[in-house]
Amino acid sequence: MRKGIVLGISILFLGCICEWFAARQRGQVMEAPVISEEKAQELCSTRESYAQDESVSLQINGVRAAYVTAEERYYIPKNMEESYWKGTLSASADGESVSVAWLEDVMFRDMEEAISEEHEFRCLIYSDTEYAFVSVLFTGMPVMSIEGEMGEQGTRIAVFDPVLSLSGGYQVEESAAYYNIRGNASKRFEKLGYRVEFFYDDGSEGRDISLLGMRSDNDWQLKAMYSDRSKLRDKLSIELWNEIASLTETQADDGCRMEYLELIINGEYAGLYGLVEPTDYKSLGLDKTSDLIYKMGADEWPDAELFEESEAAQSFTCGGVNIRQADKTYYDGIWTPFRTFWDSGYEMDSEEDLETLYSCIDRQNFIAYHLYYNAIAGMDNRFKNIIYSTVIGADGSYVIRRIPWDQNYSWGDDFETGDDKSVKNIRYNPELATRWLNEEVFRNMMEYDETLPEDMQKVWKTWRSSFLQEDVWINYAREQMDYLTSSGAFARDSRRWPDSENVEGTEEIEEFINTRFSWLDGYLEELAQY
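About the thresholds
Residues numbered from 1 in each chain as written. Predicted model: local features only at pLDDT ≥ 70, side-chain atom pairs only at ≥ 80, totals over all residues. Heavy atoms only, no water. Salt bridge = Lys/Arg side-chain N within 4 Å of Asp/Glu carboxyl O. Helix = DSSP H or I, 4+ residues; strand = E, 2+ residues; numbered from the N terminus. Buried < 20%, exposed > 50% of the residue type's maximum accessible area, 1.4 Å probe, protein only. Expected span 1.5 Å × (residues − 1). Pairing = 2+ DSSP bridges. Arc of directions from axis to C-beta. Contact = heavy atoms within 4.5 Å. Axes fitted to C-alpha atoms, helices over the stretch in contact; angles between N-to-C directions. Parallel < 35°, antiparallel > 145°, perpendicular 65-115°, else oblique. Left-handed = near helix turned anticlockwise from the far one by under 90°. Phe/Tyr/Trp six-rings, centres within 6.5 Å; stacked < 30°, edge-to-face > 60°. Lys NZ or Arg CZ within 6 Å of the ring centre and 35° of its normal. pLDDT = per-residue confidence, 0-100. 1 Å grid on protein atoms, 1.4 Å probe; cavity = no way out; pocket = protein on both sides within 12 Å on 5 of 7 lines; lining within 4 Å. Points joined across faces, edges and corners; volume = space filled by probe spheres on them.

**Q** Describe the pattern of salt bridges, and please don't skip the residues or the numbers.
**A** Counted under the stated rule, the structure contains 41 salt bridges. Arg122 is paired through a salt bridge with Glu37; the nearest N and O atoms lie 3.9 Å apart. Here Glu37 lies in helix H2 (residues 37-45) and Arg122 lies in strand S10 (residues 120-126), a separation of 85 residues in the sequence. With a relative accessible area of 35%, Glu37 lands in the partly exposed category. Ionic pairing is found between Glu82 and Lys86, a salt bridge with its closest N-O pair at 3.1 Å.

As structure tokens, then:
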């Protein structure tokens, strides 16, 4: 009884606090007053219009808000899950602090609709002698603003996040930075992917910043997701691998994380992007001085001649494989772990080769990886787009694990064929839902390891009885699509990049999931009994 009374008082007290907070915010938006049209005209009647609108600007928590020049409006993120306002709006003119007020707008009462419908709000910026009206679009998604020339120092990057911030507040980060194009494949498309690196104001490297609720780091990737019409496939794939990796006892197979944002570069709206943590020595818990990361990024297979050429030239690249240097100095034997894996795995022709392979890989990880890319039908993750996380023991032994990256050809999307194929080189292929995908190493393992099919089925059944259920991933896809569309970002990206042919909805992915998982149930059971 006493516990119930205390709980009742606590709820009442909390309710009072919420009501006080809401009352305090009435008549204010982001701590700026809301005034009538008449009041605004009264203020303007005794002032002159600013000669140049460029001289005025809005700030969020003291940092200039993201501005799209062609649209002549600011983009300000708002958490759609919250009815109250976070963050502080202010204004400046010619570098000096001035007053700012919102004009009354009935849509302040329905921000969910205002955001999804891209309703435009107006602000009045004014000093004792001058005034200007500016337009504001509220988005339901974090925003990154980049100001500066690509590939050059002097860039400033600001990130505005009231949605995913770990603090729960309105996080605004602004920093000196450097950005460049990420990946050769990205250059094929109009919408580019980028790599971003943060610096201290004195130009020194290594300024770590936590963004969108993810880890603190100075190095980030911006995925354009141009060829994925749903903008969901990488997100789903990343989350699924993280579920799989969470079941193991090692950090050395951990994947990355990705969150959505809208990107504005030098006043131009660039679209919907995925901000991605890099998969590196830090994320994998590897020792930079001893452990290694090999990255298979292209279809060019290495061979004995290429290995010898790379070793002779002391190169960190061999065919389609490169070594993440992480300040490493080349040393004799740096290619030995991967070459041993390659020679015994890809060139396997005996049980002795299988034993050699198993002496240098994590067999359970290879099973998990093989089942993973089959679950998502990762067409581009069978040979390339693989990170080989390699832990080197004190005795010189090593353990190699596979980790996926760039999983956009997945969940039913396939390579387009034919003379008239588009530059996107991708299409939805429902036939993938009932096709087993293989790759050379695992095919060789299957030939010499009789227990492998049964072990694969055991792992699969464990997944299917826990996290790998149709309704779980269908609901997650729907939730993410709802976030993309209700935030307004999906529609804006579709207008900005019409050739991407964005498709709103999850029908294709749902069709794939409903067919794929159950088909694999039967296939793996039959394989184990064969």
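Now that the structure is up, let's keep going.
**Q** Residues and numbers for helix H4 (residues 233-245), please.
**A** Relative to the 18 Å expected for 13 residues at 1.5 Å per residue, H4 spans 18 Å between its end C-alpha atoms, a close match to the ideal helical length. In terms of residue burial, H4 counts as a mostly covered element, since 11 of its 13 residues are buried. Among all positions in H4, only Arg233, Asp234, Lys235, Leu236, Ser237, Ile238, Leu240, Trp241, Asn242, Ile244 and Ala245 are buried.

**Q** Pulling in residues and values, what's your account of the sheet that holds strand S23 (residues 321-323)?
**A** One open sheet accounts for 5 strands, arranged S22-S23-S21-S24-S25; its pairing is antiparallel. The sheet terminates laterally at strand S22 (317-318) and strand S25 (398-404), the two strands that pair on one side only.

**Q** Mind laying out H2, listing which residues take part and the relevant values?
**A** Among the residues making up H2, those that are buried are Ala40, Leu43 and Cys44. Down the axis of H2, the buried side of the element spans an arc of 95 degrees, and every buried residue falls inside it. The exposed set on the far side of H2, more than 90 degrees from its buried face, consists of Glu38 and Ser45. Where H2 is buried, its residues meet strand S2 (32-35), strand S9 (96-103), S10 and strand S11 (130-139).

**Q** Residues and numbers for the pairing of strand S12 (residues 143-147), please.
**A** Within S12, 4 of the 5 residues are buried, which leaves the element mostly enclosed by the surrounding structure. Across 4 bridges, the pairing between S12 and strand S19 (residues 258-265) is parallel. Along S19, the bridge assignment pairs Ser145 with Ile264.

**Q** So, the sheet that holds strand S15 (residues 194-199): which residues are in play, and what are the values?
**A** Read around the closed barrel, the 7 strands follow the order S12-S13-S14-S15-S18-S20-S19; overall the barrel is mixed. Across the sheet, the mean angle separating the axes of adjacent strands is 40 degrees when strand polarity is ignored. Of the strand pairs in this sheet, S12 and strand S13 (residues 155-161) are connected by 5 bridges, and their pairing is antiparallel. What sits directly across from Ser145, in S13, is Ala158. H4 rests against strand S18 (219-223) and S19 of the sheet, and its axis sits at about 145 degrees to S19.

**Q** Describe the packing of helix H10 (residues 452-464) against helix H13 (residues 507-529), naming the residues involved and giving the relevant values.
**A** Here H10 crosses H13 at 150 degrees, and the two axes come no closer than 8 Å. Compared by their axis directions, H10 and H13 come out roughly antiparallel. Considering how the two elements wind past one another, H10 and H13 form a crossing that is left-handed. Where H10 approaches H13, its residues Pro453, Glu454, Met456, Gln457, Trp460 and Arg464 are matched on the opposing element by Phe517, Ser518, Leu520, Asp521, Leu524, Glu525, Leu527 and Ala528.

**Q** Requested: an account of the packing of aromatic side chains, with residues and values cited.
**A** In this structure the tally under the stated criterion is 42 aromatic pairs. An angle of 65 degrees between the planes, with centres 5.8 Å apart, marks the rings of Tyr179 and Tyr194 as edge-to-face. One end of the pair, Tyr179, is in strand S14 (residues 171-181); the other, Tyr194, is in strand S15, with 15 residues separating them in the sequence. The class for Tyr194 is buried, based on a relative accessible area of 9%. When the centroid spacing of 5.6 Å and the interplanar angle of 65 degrees are considered together, the rings of Tyr369 and Tyr373 count as edge-to-face. Linking Tyr369 with Tyr373, this pair stays in helix H8 (residues 363-375), spanning 4 residues, or about one helical turn. An aromatic cluster of three or more residues is present, and its members are Tyr294, Trp301, Phe307, Trp335, Phe338, Phe341, Trp342, Tyr346, Phe366, Phe383 and Tyr388. Over the face of the ring belonging to Trp497 we find Arg496, whose NZ or CZ atom lies 4.0 Å from the ring centre.

**Q** Outline the confidence of the model for the chain, supporting the account with residue identities and numerical values.
**A** Taken over all residues, the pLDDT of the chain has a mean of 92, while the share at 70 or more is 92%. For residues 1-25, every residue scores under 50 in pLDDT, and the model assigns this stretch 5 contacts once sequence neighbours within four places are set aside.

**Q** Could you give me a rundown of empty space enclosed by the protein, with the residues and numbers involved?
**A** Vacant regions in the atomic arrangement are exposed by a probe of water-molecule size rolled over the atoms. In total, this model carries 2 cavities of 30 Å³ or more according to the counting rule given. For the largest cavity, the calculated volume is near 50 Å³. As for the largest cavity, its lining consists of Met30, Pro77, Lys78, Asn79, Glu82, Tyr84, Trp85, Lys86, Phe138, Pro162 and Tyr170. Lining the second largest cavity are Ile238, Trp241, Asn242, Gly255, Cys256, Pro404 and Gln407. Of all the elements, H4 adds the most residues to the lining of the second largest cavity, at 3 residues.

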